[in-house]
Every structure is written in C-alpha cells, then in structure tokens.
Amino acid sequence: MSSNRFYIETHGCQMNVHDSERLAELLRQRCAMIQTQHPEAADLLLLNTCSVREKAQQKVFHCLGRWRALKQGNSDLLIGVGGCVASQEGAALRERAPWVDLIFGPQTLHRLPQMIAARRREKLPVMDISFPEIEKFDQLPTPRTEKPTAWLSIMEGCSKYCSFCIVPYTRGEEWSRPPEGVIVEAQQLAAQGVREITLLGQNVNGYRKHNSNGEVLRLSDLIRMIASINGIERIRYTTSHPLEMDDDLVAAHAEVPQLAHHLHLPVQSGSDRVLALMKRGYTALEYRDRVRALRRAQPDLSLSSDFIVGFPGESERDFEDTLQLVRDIGFDQSYSFLYSARPGTPAASLPDNTPQERKRERLAQLQTLLSQLAETANQRRVGSRQRVLVTGSSRRNPSELQGRTTDNRVVNFPAPPDISLIGEFVELSITAVRAHSLRGELTAYQEQQRGEATLATPSSSVAASAPLTMIAVQ
Ligand code: SAM
Ligand code: F3S
C-alpha cells in the first residue's frame, strides 16, 4: 500500500500551529507526502501539542487512544507525537502509549523525515527530544504560502522561568535566530504575496543577535528592516514580555507606519505580591508605565493580555488588584486562564488554600469584565472607517469576505461580484458588531501586484450603495 498521506492534529498556542505548518511543508517537500484532513485515510498520524495547561495534556492521551484503534486495523500506520508534551513526557509517553512510533520535541521537528525512515527500517520506536541550537531553521524548507498573512519565527525557547510556566523546560533556553535568515525569509514571503508578517517567539522583544558585521540587533531593528521590504505593509509581533518593552521598541510604534496598532502584552496579574511569586520581574506600576509610554507613542494602540487566575495564595485583595488594572488599562480581547500546576515548576509546590470553586468564580468574573471591555471597544468602531487586509472568504458565508483591521479585529463584508480582493488592503465602513467580529461595507480598495500599486475601478452592488474612493497607496 502507499504510505504517503499524513494527518496533523494541533493543540496549543500560535507557536505550535506555526510549527505544524512548517512540519507539513517539510513532509510535502522532503518526503513527497500529501496532507489529508481525515485520520482514517492517513499513513502517518501526527499530534503536535502544548503542555502549558493540564487540559492540553489530557487531550493527548484521549487522542492517542482513538488513534490506537486505527492502528489495530492498519499495522503500517505510524503515529508520532511532537511539541511540548513530547518534550515533557518523553519516556513516560512511551510507557503510557507504547503504540506511539515517533516522539519529537519542538526543536527536533525538522529531523522527522530521518526519524520516519529509521522507524520503517529498524521497526523500532524513535525518540528525539533534544534541543539542538540553530539547526532547525537551517534545515526547514523555504515556507510556501498562498495566504496574505504569515508567521515568521525569530526566536525559540524562553529563559524567563516564570514560576508557573513549563515552556523553558519543554522548549529550552531562549535563543535568537540570525537576522540574515529572518530577513531572507521575510523577503521570500513578500515575493509570494504576503502582506502582513507576525514575528513569532515566546519572548520576541528579548530578541538580540549579532549580524555578520558584529552589530547587535534588537527586535526594533528587525522591525525597521522588514518594514523596508517591498510588499510588506503590516507587521505584528507576539508574544512580548513587559520587562523587555524597551524605549527603542516603544519608539518604533510611533515611527514605523507598518507596525500594527495592536499589542499583546501579557501581564498575568495586577497584584505586586502575586507578580513577585510568579517571578515576572515587574510591578503593576512598572507595567502601567510601559503602557503609558506605548500609548504616548501610538495613541490608537489596542492592548490585549494574558491573565492567570487562582495562582497559589492569590487573595481576594490580589484578585481585586487584577480587576482594577483591567479597568484602568481597558484591555481588549484578552485571554484568561485558571492556574494549572505544572509538575517540576516552582509554583507547583507553593501552598494553595483557595477552593477550586472560588477560583472558577473569579475567572468568570474576570472574563465578564474583559468581554464587556471588548464589546465597548467594538461598539466604538461602528461608523468608523478601517483599513482591512482581506484574508479570505468569510467562514459562515462564502459570498462574503473576511479581513483584519490594524487592531486585530476580524471584519466580514459582502464581496463585490467581479473582483478578487483577497490579499488586498481595502477600506471598510464598520456597520455593526457581532459576537466575535465586526461587519463592514466596502468603501475603497487598492489593488497591488508585485509591490506595484495599481488603482482599479470596481463595479459592484456594494459600490452602488456606498460610493467607492481609492486609497492613497504609500
Ligand atoms: N511568553 C509569554 C509571556 O510573556 O508571558 C507567555 C507564553 S505562555 C506559553 C502563554 C500563556 O499561558 C501565559 O501568558 C500564561 O497566561 C498562560 N500559562 C502559562 N503557564 C500557565 C499555567 N501553569 N497555568 C495557567 N496558565 C498558564
Ligand atoms: Fe513562560 Fe514566562 Fe517564558 S510565561 S514562556 S516562562 S516569559
């Protein structure tokens, strides 16, 4: 039988989603394999999962249980587990799920073709969860995409060792990718029609690397260099650590027009006592100070954040401090999680007297507040005009298009009948707010081919109701 179809299931953060995309590209280019969306049709089943919170870890074992049944009907089927869970569980995973053939970590996914070959040759399970530096980026194939947006990894790992977090143990110490490789990849993406790049890493504002002239480059330098690439009109970066939000990066928000008006800046808690126990390295006041500087640089900046509720020893007062910080800063579209003790992390052995039920109530209270703030921010946009990058068809209604605003909001709008706008920037007038998105109407668009802007005149029913004007192209 043929053995050329693979299926990947991904759980976890953007980093994992991006790793899975690179993995798929590797299997297509190096092993001539084809991706399938149906596990029953695959010869290779891959699970790429994060272990930041316990739930994700439980999902792995549920999924592997289901896949075991598929293997019983097909002895040639290979099962692989990658990502942080693989790094963390390693040998234990082999014991609990001996039917798994391949175990690889976030820093060894590029070795999968050799691991598959070894498994087929030797008929023995293969495990490689080491942290070989640099090698990964040199050996992954050039990314191929037809989408107008792309992620670009600029660093790996994390050395912050927040007391609750497993990432430094599963992804290894922080290291920055040489700037030359980053710029070449950005140019390759631009040449394929990418208009918006998100620079990716656990701590992207900790980026520091010598270039070939021996100069140390920081994230702000990379941003300025990428902004000068023809075709790249929008740049985002995630995730950042408040401690490394230096003045030069803040200044880039004022000076680089391509930098999106949105920043995800995880704060975790509004209480200095809890922040110290978390080993975050800043106080709530210092966080507020960075936000003030950022808003001075870019008054339109929308800020989102991560919060952990129910950290060991979090008191009612500590939780109130978090709510107050949220109200004062007016966060937008944020993530909040119930604390999950990760084995081996320092916080896992801290005394914790708060009942789980009370923690859940706090989480619900915080989420209600965050939703109200996001709803208010959405409502404020009704009636405004927004520059939107059209990313594809709307998920619910294929006759509509979907795009993203500079402040990271999804907008759906009726597509003009006779022109393809995917990959273009358009101007939309925001007409309404939905649960997780905005609705808009097309008021202007620009058409751009290979970096050359061409103004075009659409004829559409939308144009009849709302006169179209052309956006001035920089
Ligand atoms: N690099 C980011 C930063 O600067 O904080 C965080 C990356 S972490 C993988 C993503 C988010 O998961 C964190 O911001 C935190 O809110 C959450 N998280 C991490 N460990 C957690 C734990 N043990 N329990 C609950 N949430 C956790
Ligand atoms: Fe985790 Fe803290 Fe790094 S949350 S990823 S150890 S910045």
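Note that the structure is predicted; figures quoted are calculated from it, not measured.

Colleague: Explain the pairing of strand β10 (residues 196-200) to me, and be specific about the residues and the numbers.
Modeller: Most of β10 is tucked away, with 5 of its 5 residues classed as buried. Along β10, one buried face is formed by E196, T198 and L200 and the opposite face, lined by I197 and L199, is buried too. Alignment of strand β7 (residues 149-153) against β10, held across 5 bridges, turns out to be parallel. When the bridges of β10 are listed, S153 appears paired with L200. In this sheet, strand β13 (residues 234-238) lies alongside β10 in parallel orientation, the contact comprising 5 bridges. Its bridge partner lying in β13, L199 is registered against Y237.

Colleague: How would you sum up the confidence of the model for the protein? Please name residues and give values.
Modeller: Looking at the protein, the pLDDT average stands at 89 and 93% of residues meet or exceed 70. Predicted confidence is poor over residues 448-474, with pLDDT under 50, and the contacts of this stretch with residues over four places away or in other chains come to 48 contacts.

Colleague: Account for the nonpolar core, naming residues and giving values.
Modeller: Core analysis: the largest hydrophobic core is formed by 55 residues, its most contacted members being I154, L199, Y237 and F331. At 6 residues, the largest contribution of residues to this core is made by helix α12 (residues 284-297). In this view, F331 contacts V267, Y287, L303, S304, S305, F307, L325, V326, L370 and L373; residues no more than four positions away in its chain are not counted.

Cut-offs applied
- Residues numbered from 1 in each chain as written.
- Chains lettered and ligands numbered in written order.
- Predicted model: local features only at pLDDT ≥ 70, side-chain atom pairs only at ≥ 80, totals over all residues.
- Heavy atoms only, no water.
- Buried < 20%, exposed > 50% of the residue type's maximum accessible area, 1.4 Å probe, protein only.
- Helix = DSSP H or I, 4+ residues; strand = E, 2+ residues; numbered from the N terminus.
- Pairing = 2+ DSSP bridges.
- pLDDT = per-residue confidence, 0-100.
- Contact = heavy atoms within 4.5 Å.
- Core = buried A, V, L, I, M, F, W, Y, C linked by side-chain atoms within 4.5 Å.

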